[in-house]
Amino acid sequence: MSQVKNPQPRQRLLYLHARTPSVYSGILGLTQIEPVAGHKVEITAQDEEWPYETVHDAIVDGWQIVQFPHQQAPIADRDLDMVGYEFILQKMEVVN
Amino acid sequence: MTDAATLSNEHLLDDVEVADFVANGYRILELELPEGLNEAAALKLDELEQNPGDEIMDVVPELWQVVEQEVVKGVMTSLLGTDFALMSHRHWHCRQPGTGHMQWHQDSTNRRDIRLEQLLGLYYPRDVSADMGPTIVVPGTHFRNAPTDRMATYTNIKGQIPLIVKAGTFAVTHYDMWHGTSANRSGVKRHMIKFLFRRTKDNTAPTWNHDPARVDQPFSYGDEQAANARTALRSANPLGVSQSDHYKEIKIRTECFDQLLGKTAG
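On a predicted model such as this, the values are computed, not experimentally measured, just so you know.

**Remarks on the overall build of chain A**
Next, step 1: If you tally the helices and strands in chain A, you get 1 helix and 4 strands.
Next, step 2: When the helices and strands of chain A are listed from N to C terminus, the series reads β-β-α-β-β.
Next, step 3: Counting the 96 residues in chain A, one finds 24% classified as buried.
Next, step 4: By sequence separation, contacts in chain A at least 24 residues apart represent 68% of the contacts at least 6 residues apart.

Okay, here's the thing in structure tokens:
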């Protein structure tokens, strides 16, 4: 007798590194994590087309922000540290 | 390491080239090596089973001819002074076929400096194609005091440059530049020999082909293509960062360049 599967939504993650803390500013980095066993991301030598140009583009496409970037400079404001401001977004979806 | 009396000025950088390095953090040299040298070095490296570290020069003596190229000495003299030193920190970096990517990192711990103190020289004895796991650098990141662990959520970054290069390429990179590699999906070993060069004395004067007229022209907006160093320092924005970061970059680059001019020597 076969069991009926009831797939549960799983969390897809999107890390976007934006030029400023504004959701309208352009993004400088993108990492998309799929809730699939064995999934990995990797740096590529060939240009990849990104699905979004801004954080707002991703929101329009159904992503929800789960972490906003910290806006306080952690060290003296004359220094440079990470590239861009990190937004973390999620989509809860049934993923096959 | 340089005999200033014998090094021809033709191999030194000019003011704009020095400023360009300060802003972007890398320079690609295509060496004119004796015929067969790249192939001989690559074949010897193919036979290696473990990294000999500094002994790599004994295993592949051809590498001495690489670091002694006039064009290499010219760039190092220009950026690190006439008394620059080739350090003993040498490594064979081999990306074997089937090797995955290497995450972004800065070498060593994050004690970054606005001074130009250390450079890496990356020699590629074999053509590197996109599928061979090229080194990938992110221009303009070398003044960022960024712990490597915090780079773990970055994958591709706008402005990253894969070093898809010809055999005999020698890439000079700032020691603190963000770098990684892509996966090697080819059937060929990708070799790279890493050399470390270091400044031994602060500059009291420029050590490149310096022309004051190419430095001290005032910057004017809309004239970004003007061939002068101050413009190169101000206009380069290889990452496309925001205004706040870009202003900080300009300030740091200017301090670095002025130090190279010898303006801050005690």
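**Details of the packing of helix α1 (residues 15–24) of chain B against helix α7 (residues 243–261) of chain B**
Each pair of packed helices gets described by two things: the angle between the helix axes and the distance between those axes.
Residues and elements named next belong to chain B.
Next, step 1: One can describe the packing of α1 onto α7 by two numbers: an axis separation of 10 Å at closest approach and a directional angle of 140°. With respect to each other, α1 and α7 are oriented oblique. Between α1 and α7 lies a crossing of right-handed hand. Here Val18, Ala19, Val22 and Ala23 of α1 come into contact with α7, specifically with Arg253, Cys256, Phe257 and Leu260.

**Overview of helix α2 (residues 37–47) of chain B**
Residues and elements named next belong to chain B.
Next, step 1: Those residues of α2 lying buried are Asn38, Ala41 and Leu45. Down the axis of α2, the smallest arc covering the buried residues is 70°, so these residues share one side. Every exposed residue of α2 that faces more than 90 degrees away from the buried side is listed here: Leu43 and Glu47.
Next, step 2: Buried positions along α2 lie against α4 (62–67), β3 (91–95) and β11 (190–198).

**Concerning the sheet that holds strand β8 (residues 161–162) of chain B**
Hydrogen bonds between backbone groups are what pair the strands of a sheet, and the pairing can be parallel or antiparallel.
All names here are of chain B.
Next, step 1: What the 4 strands build is an open sheet, ordered β4-β10-β6-β8; its pairing is antiparallel. With one partner strand each, in any of the chains shown, β4 (102–105) and β8 form the two edges of the open sheet.
Next, step 2: Direction of pairing for strand β6 (residues 135–137) relative to strand β10 (residues 179–181): antiparallel, over a ladder of 3 bridges. Note that in β10 the partner of isoleucine 136 across the bridge is glycine 180.

**Let's talk about the environment of B:Ser235**
Next, step 1: Examined against the element boundaries, B:Ser235 turns out to sit in helix α6 (residues 229–235).
Next, step 2: Each C-alpha atom, one on B:Ser235 and one on B:His246, is 9.2 Å from the other, the two residues being 11 residues apart in sequence.

**Points about the nonpolar core**
Next, step 1: Counting 79 residues, the largest nonpolar core has A:Leu16, B:Val18, B:Ala19, B:Val22, B:Met76, B:Leu79 and B:Phe257 as the members making the most contacts within it.
Next, step 2: Discounting residues that sit within four places of it in the chain, B:Val18 has contacts with B:Leu13, B:Ser78, B:Leu79, B:Trp208, B:Ala229 and B:Leu260.

Reading the values: rules and limits
- Residues numbered from 1 in each chain as written.
- Chains lettered and ligands numbered in written order.
- Predicted model: local features only at pLDDT ≥ 70, side-chain atom pairs only at ≥ 80, totals over all residues.
- Helix = DSSP H or I, 4+ residues; strand = E, 2+ residues; numbered from the N terminus.
- Buried ≥ 20, exposed ≤ 12 C-beta atoms within 10 Å, placed from the backbone.
- Contact = placed C-beta atoms within 7 Å.
- Axes fitted to C-alpha atoms, helices over the stretch in contact; angles between N-to-C directions.
- Parallel < 35°, antiparallel > 145°, perpendicular 65-115°, else oblique.
- Left-handed = near helix turned anticlockwise from the far one by under 90°.
- Arc of directions from axis to C-beta.
- Pairing = 2+ DSSP bridges.
- Core = buried A, V, L, I, M, F, W, Y, C linked by C-beta atoms within 7 Å.

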